[in-house]
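Architecture and fold: a report
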Amino acid sequence: KTCALQAGSPALNTGAGSTITSDQRGFRIIDVPDLGAYETQLGGTFAFGATGFFANEAGPATITIKRLGGNEGTAIVRVTTQNGTASAEDFTARPDTGASDILFNDGQDTATILIQLASDSVVEPNELFSVKLSSPSPGTTLGAISTATVVIVDPSSTSGDTKNPNL
């Protein structure tokens, strides 16, 4: 068993000279190791800034990712897309590969990505696709809002809610 270190503990970041690379749970060491079997993970928790995002057809969808509860060290989280009523012709997909990874620098707690949307001449109702967070780097986790819906609004259509940015 291990015990988590509390904020202000004298054991935090005082294992200078140690050559260990992970604690007894397998979590990586961030900078100077903590003393004992437990390395405090201050990399944070990744979550979307909202459960849903609206964007007009042909404009980019602006997606906000937050890093909560800690922003120590560099960290990566992957953002992928999944078709809904919107398909590959409606937006630029983000595959489940390293090409979809988002880098957070040390101290960074927010990132914004743009997903390009396509325009067509067809008047249509709102279309949906989802974005998903996955593959957080060691020392970080996924938060409660790790999946969100993107609504593509056709400005020439009169159907659908175009005023509620958070679904």
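Sequence positions are assigned chain by chain, starting from 1 and proceeding in written order. Predicted model: local features are reported for residues with pLDDT of at least 70 only, side-chain atom pairs are reported and counted for 80 or more only, and whole-chain, interface and lining totals are derived from all residues. Hydrogens and waters are ignored; side-chain quantities use all the structure's heavy atoms.

**Describing the pairing of strand β1 (residues 45–48)**
Of the pairings in the sheet, the one linking β1 to strand β3 (residues 60–68) comprises four bridges and is antiparallel in character. Opposite Phe 46, over in β3, you have Arg 67 as the bridge partner. Pairing between strands is defined by DSSP: at least two bridges between the two strands are required. Note on conventions: DSSP H or I runs of at least 4 residues are helices, E runs of at least 2 residues are strands, and numbering of each starts at the N terminus.

**Structural notes on the nonpolar core**
Of all hydrophobic cores here, the largest spans 25 residues; its most connected members are Phe 48, Ile 65 and Phe 129. For this core, the secondary-structure elements that each account for two or more residues are β1, β2 (52–56), β3, β4 (75–83), β5 (101–104), β6 (110–116), β7 (127–134) and β9 (147–153). Grouping buried Ala, Val, Leu, Ile, Met, Phe, Trp, Tyr and Cys residues that are joined through side-chain atoms within 4.5 Å yields what is termed a nonpolar core. Accessibility here uses a 1.4 Å probe with only protein chains present; expressed as a share of the type maximum, an area under 20% marks a residue as buried, one over 50% as exposed, and anything in between as partly exposed.

**Description of the sheet that holds β4**
Here we have five strands laid out as an open sheet, ordered β2-β9-β7-β4-β5, and mixed in their pairing. Only two strands of the sheet have a single partner each, and these edge strands are β2 and β5. Looking at each pair of strands side by side, their axes are set apart by 25° on average, direction ignored. Interaxial angle, 0 to 180 degrees, is taken between N-to-C directions of lines fitted to C-alpha atoms, where a helix line uses only the stretch in contact.

**Structural notes on the environment of Gln 108**
Relative to the helices and strands, Gln 108 is located in the loop between β5 and β6. On a C-alpha basis, the gap between Gln 108 and Thr 74 in space is 8.4 Å, while along the polypeptide they are 34 residues apart. The contacts of Gln 108, once residues within four sequence positions are left out, are Arg 67, Asn 71 and Leu 103. Two residues qualify as a contact provided that any one of their heavy atoms is within 4.5 Å of a heavy atom in the partner residue.

**With respect to the environment of Thr 21**
Note on placement: Thr 21 falls in the segment before β1. Distance in space between the C-alpha atoms of Thr 21 and Pro 33 is 8.4 Å, their sequence separation being 12 residues.

**Quick look at unusual backbone geometry**
We note that Ala 58 has phi near 80°; this positive angle belongs to a residue other than glycine. Along the chain, the position of Ala 58 falls in the loop between β2 and β3. With a phi close to 50°, Ser 135 is a non-glycine residue in the positive phi region. Inspection of the secondary structure puts Ser 135 in the loop between β7 and β8 (141–142).

**Focus on the sheet that holds β1**
Pairing is mixed across the open sheet formed by four strands, whose spatial order is β6-β3-β1-β8. Two strands close off the open sheet at either side, each with one partner strand: β6 and β8. For β3 and β6, the ladder comprises seven bridges, and the chain directions are antiparallel. Looking across to β6, one finds that Thr 62 is bridged to Leu 114.

**A look at the packing of aromatic side chains**
Under the pairing criterion, centres of Phe, Tyr and Trp rings, with the six-membered ring standing for Trp, must be within 6.5 Å; the plane angle then separates stacked pairs below 30 degrees from edge-to-face pairs above 60, leaving the rest tilted. Summed over all chains, the structure comprises three aromatic pairs. When the centroid spacing of 4.9 Å and the interplanar angle of 55° are considered together, the rings of Phe 46 and Phe 104 count as tilted. With a gap of 58 residues between them, Phe 46 in strand β1 and Phe 104 in strand β5 connect regions that are remote in the sequence. Take Phe 46: its relative accessible area is 0%, and that puts it in the buried class. Phe 104 sits in the buried class, given a relative accessible area of 0%. For the pair Phe 48 and Phe 53, a centre-to-centre distance of 6.4 Å together with 75° between the ring planes defines the contact as edge-to-face. Take Phe 53: its relative accessible area is 9%, and that puts it in the buried class.

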